[in-house]
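Here is what each chain is made of, one letter per residue.
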Amino acid sequence: MSSLKDKIVVITGGNSGIGYTTAKAFLAKGAKVLITGRQPGAVQKAVHALGHPAEGFKADQSDMNDIRRLYEYLQGRFGKIDSLFVNAGVAKLAPFETVTEAQYDELMNINFKGAYFTIQQLLPLISDGGSITLLSALNAYSGTPNATVLSASKAALNSLGRTLSRELAERKIRVNIVNPGIISTPLLEKAGLPDEARTHLSNITPLGRLGQPEDIASLVTFLASDDASFITGAEYNVDGGLMVHPLIA
Ligand SMILES: NC(=O)c1ccc[n+]([C@@H]2O[C@H](COP(=O)([O-])OP(=O)(O)OC[C@H]3O[C@@H](n4cnc5c(N)ncnc54)[C@H](OP(=O)(O)O)[C@@H]3O)[C@@H](O)[C@H]2O)c1
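Conventions we followed
The numbering scheme is per chain: residues are counted from 1 as the chain's sequence reads. This being a predicted model, a pLDDT of at least 70 is required before a residue's local features are given, and a value of 80 or more before pairs of side-chain atoms are given or counted; all residues contribute to the totals for chains, interfaces and linings. Excluded from the side-chain calculations are hydrogens and water; all other atoms, namely the structure's heavy atoms, are used. To count toward a patch, a residue needs a relative accessible area over 30% and no salt bridge; like charges are then connected within 9 Å, while nonpolar side chains (Val, Leu, Ile, Met, Phe, Trp, Tyr) are connected within 5 Å. Each accessible area is a Shrake-Rupley estimate made with a 1.4 Å probe; only the visible protein chains count as cover when residues are assessed. We count a salt bridge whenever a side-chain nitrogen from Lys or Arg sits within 4 Å of a carboxyl oxygen from Asp or Glu. Numbered from the N terminus, helices here are DSSP runs of H or I no shorter than four residues, and strands are runs of E no shorter than two. Exposed residues in this analysis have more than 50% of their type's maximum accessible area, buried residues have under 20%, and partly exposed residues fall in between, with area computed by a 1.4 Å probe over protein chains only. Classification of ring pairs uses Phe, Tyr and Trp, with its six-membered ring standing for Trp, and accepts pairs whose centres are within 6.5 Å; under 30 degrees between planes counts as stacked, over 60 as edge-to-face, and the remaining range as tilted. Here a residue counts as near a molecule or strand whenever at least one of its heavy atoms sits within 4 Å of it. Under the rule applied, a polar contact is a pair of N or O atoms within 3.5 Å (in protein, one hydrogen donor and one hydrogen acceptor; residues adjacent in sequence only if both atoms are side-chain atoms). For this classification, Asp, Glu, Lys and Arg are treated as charged, while Ala, Val, Leu, Ile, Met, Phe, Trp, Tyr, Cys and Pro are nonpolar and the rest, including Gly, are polar. With axes taken as lines fitted to C-alpha atoms, and helix axes fitted only over the stretch in contact, angles between N-to-C directions fall between 0 and 180 degrees. Note that the term roughly parallel is reserved for angles under 35 degrees, roughly antiparallel for angles over 145, roughly perpendicular for angles of 65 to 115, and oblique for everything else. Crossing handedness is defined as follows: a turn of the near helix away from the far one that is anticlockwise and smaller than a right angle gives a left-handed crossing, while the clockwise case is right-handed. Two residues qualify as a contact provided that any one of their heavy atoms is within 4.5 Å of a heavy atom in the partner residue. At least two DSSP bridges between two strands are required for those strands to pair. UniProt positions are given in the numbering used here, feature names are shortened, and annotations may be inferred rather than shown by experiment.

Enquirer: Can you break down a nonpolar patch on the surface residue by residue, with the values?
Expert: Judged by side-chain polarity, Tyr141, Met243 and Val244 come together as a nonpolar surface patch covering roughly 310 Å² of accessible area. Positionally, Met243 belongs in the segment after β7 (235-238). Classification of Met243 by relative accessible area gives partly exposed; the value is 33%.

See the structure below:
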C-alpha cells in the first residue's frame with residue numbers, strides 16, 4: 001500500500017501546471033490534497049477536475065493575511081499537514097536596466113517571501129516526520145539573461161531549504177528542493193517565451209525535449225513518501241540534462 005494513503009498534502013498554487021499535475025499524482029496515491037491559488041474560479045475548477053477528495057482554498061501566498069487565513073482553515077479542517085509542496089511561483093523576465101521596484105517586489109514577494117512565511121506560519125501544523133518540498137528552478141544556478149530577479153528569488157529559496165533541513169531535522173521534518181529545467185506549462189506563455197525559444201531549448205536539452213509536469217510530480221510524490229525517509233537537504237535538477245549541456249556537442 002502507498003505510504004501516502006490518507007496523508008494530508010497541501011500544495012500552494014495547485015490550479016495550474018506543475019502544482020495541478022502533482023495534486024493529481026498525490027490523489028492517485030491515496031493522499032488527501034488541498035490546493036491554493038489566487039483566483040477562486042480557477043481553484044474551484046481545478047478542484048472539480050481533480051475530483052474527490054481534492055479541496056481548494058483561495059489564497060495569495062504573498063499576502064500574510066491570506067497565509068494566516070490558510071493556517072486557520074487547515075487547523076480546523078485537518079488539524080495537521082503531512083506534506084507541504086511549496087509550488088506557487090511566477091516567472092517574469094526583463095533586462096536588468098529596466099527592472100522596476102514593482103517588478104522586483106512582485107517576484108520576490110511571491111517566489112521567496114511568500115514561500116518563506118507560508119512555511120513559517122504552517123509549520124506548527126506540519127507533523128513530526130512530515131516533509132516540505134520547495135519548487136525552485138534551474139535558474140537558481142544558471143546565469144539566464146533577463147532573469148536577475150527571478151533567479152535571485154529562486155536562489156534564496158534553495159538557501160532557505162538547505163537551512164530549514166537542518167533546523168527542522170530535530171522534528172524529523174525533511175526539506176528538499178526540486179530545480180526544474182524548462183517544463184511545458186502555462187507559465188512559459190505567461191513569461192512571454194516565444195515558440196522559437198521553446199524549440200531552441202528543447203534542441204539544447206540533452207534528452208531532446210522539454211519537461212512535462214509529470215516529470216516533476218513523480219519526484220515530488222517520491223520525496224513525500226516513506227521511500228525518501230533518509231533524504232533531506234537534497235536538491236534535484238529535473239531538466240533533461242540541461243544544466244550539464246555540453247558547450248561542444
Ligand atoms: N514551467 C517551468 O518551466 C518552470 C521551470 C522552473 C520552475 N518552475 C516553477 O514551478 C512552479 C509552478 O509553475 P508552473 O510552471 O506550473 O506555472 P503555472 O502553470 O503558471 O502555475 C503557477 C501556479 O502558481 C499559482 N500562483 C502564482 N502566484 C501565486 C500566489 N501569489 N499565491 C498563490 N498561488 C499563486 C498560480 O495560480 P494563480 O495565478 O491562480 O494564483 C498557478 O496555480 C513555479 O514556482 C515556477 O517558478 C517552473
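There is more to say, and it comes next.
Enquirer: Before we move on, can you summarise the packing of aromatic side chains with the specific residues and values?
Expert: What the rule picks out here adds up to three aromatic pairs. Judged by centre distance (5.0 Å) and plane angle (35°), the ring pair of Phe57 and Tyr73 falls under tilted. Residue Phe57 is located in strand β3 (residues 55-58), and its partner Tyr73 is located in helix α3 (residues 64-77); the two are separated by 16 residues in the primary sequence. The exposure class of Tyr73 is partly exposed, given its relative accessible area of 29%. Ring centres of Phe112 and Tyr116 lie 5.9 Å apart, and the angle between their planes is 65°; this geometry places the pair in the edge-to-face category. Residue Phe112 and its partner Tyr116 are located together in helix α4 (residues 101-122), separated by four residues, close to a single helical turn. In this structure an aromatic cluster arises from ring pairing among Phe112, Tyr116 and Phe117.

Enquirer: An account of the site of the ligand is requested, with residue identities and associated values reported.
Expert: Lining the immediate surroundings of the ligand are 30 residues, of which Ser16, Gln39, Asn87, Thr185 and Lys190 lie closest. Between Lys154 and the ligand, the recorded distance is 3.0 Å, taken from a side-chain N or O atom to an oxygen atom. Here the ligand has 880 Å² of accessible area as a free molecule, and 96% of this is covered by the chains. Classifying every residue of the shell around the ligand by side-chain character gives 13 nonpolar, 13 polar and four charged.

Enquirer: Residues and numbers for the packing of helix α1 (residues 17-28) against helix α8 (residues 213-224), please.
Expert: With their axes 8 Å apart at the nearest point, α1 and α8 run at an angle of 50° to one another. Our classification of the angle between α1 and α8 gives oblique. When the axes of α1 and α8 are compared, the crossing they make is right-handed. Contacts between α1 and α8 involve Gly17, Ile18, Thr21, Thr22, Ala25 and Phe26 on the former and, on the latter, Pro213, Glu214, Ile216, Ala217, Val220, Thr221 and Ala224. Looking at side-chain class alone, the contact of α1 with α8 contains eight nonpolar, four polar and one charged residues.

Enquirer: Lay out the sheet that holds strand β2 (residues 32-37) with the relevant residues and their values.
Expert: Ordered in space as β3-β2-β1-β4-β5-β6-β7, the seven strands form an open sheet in which the pairing is parallel. Only two strands of the sheet have a single neighbouring strand rather than two, namely β3 and β7. On average, each strand axis in the sheet is tilted by 20° relative to the strand beside it, whichever way the strands run. In the sheet, strand β4 (residues 81-86) pairs with strand β5 (residues 126-135) via five bridges, with the strands oriented parallel. Bridge pairing links Phe85 to Thr133 in β5. Of the strands in this sheet, β4, β5, β6 (174-180) and β7 are in contact with α8, which crosses β6 at around 170°.

Enquirer: Kindly report on the environment of Ser83, identifying the contributing residues and their values.
Expert: On the secondary structure map, Ser83 appears in strand β4. On the basis of relative accessibility, which here comes to 5%, the residue Ser83 falls in the buried class. Note: C-alpha distance between Ser83 and Ala31 (52 residues apart in sequence) is 9.8 Å. Apart from residues no more than four positions distant in its own chain, Ser83 is found in contact with Ile8, Val9, Val10, Ser131 and Ala224. A polar side-chain atom of Ser83 sits 3.0 Å from a polar atom in the side chain of Ser131.

Enquirer: Break down the UniProt feature "domain: Ketoreductase" (unreviewed entry) in the chain for me, with residues and values.
Expert: Following the UniProt record, the feature "domain: Ketoreductase" (unreviewed entry) maps to residues 7-186 here. In this annotation, residues 7-186 is assigned 44% helix and 21% strand; the end-to-end C-alpha distance for the span is 28 Å.

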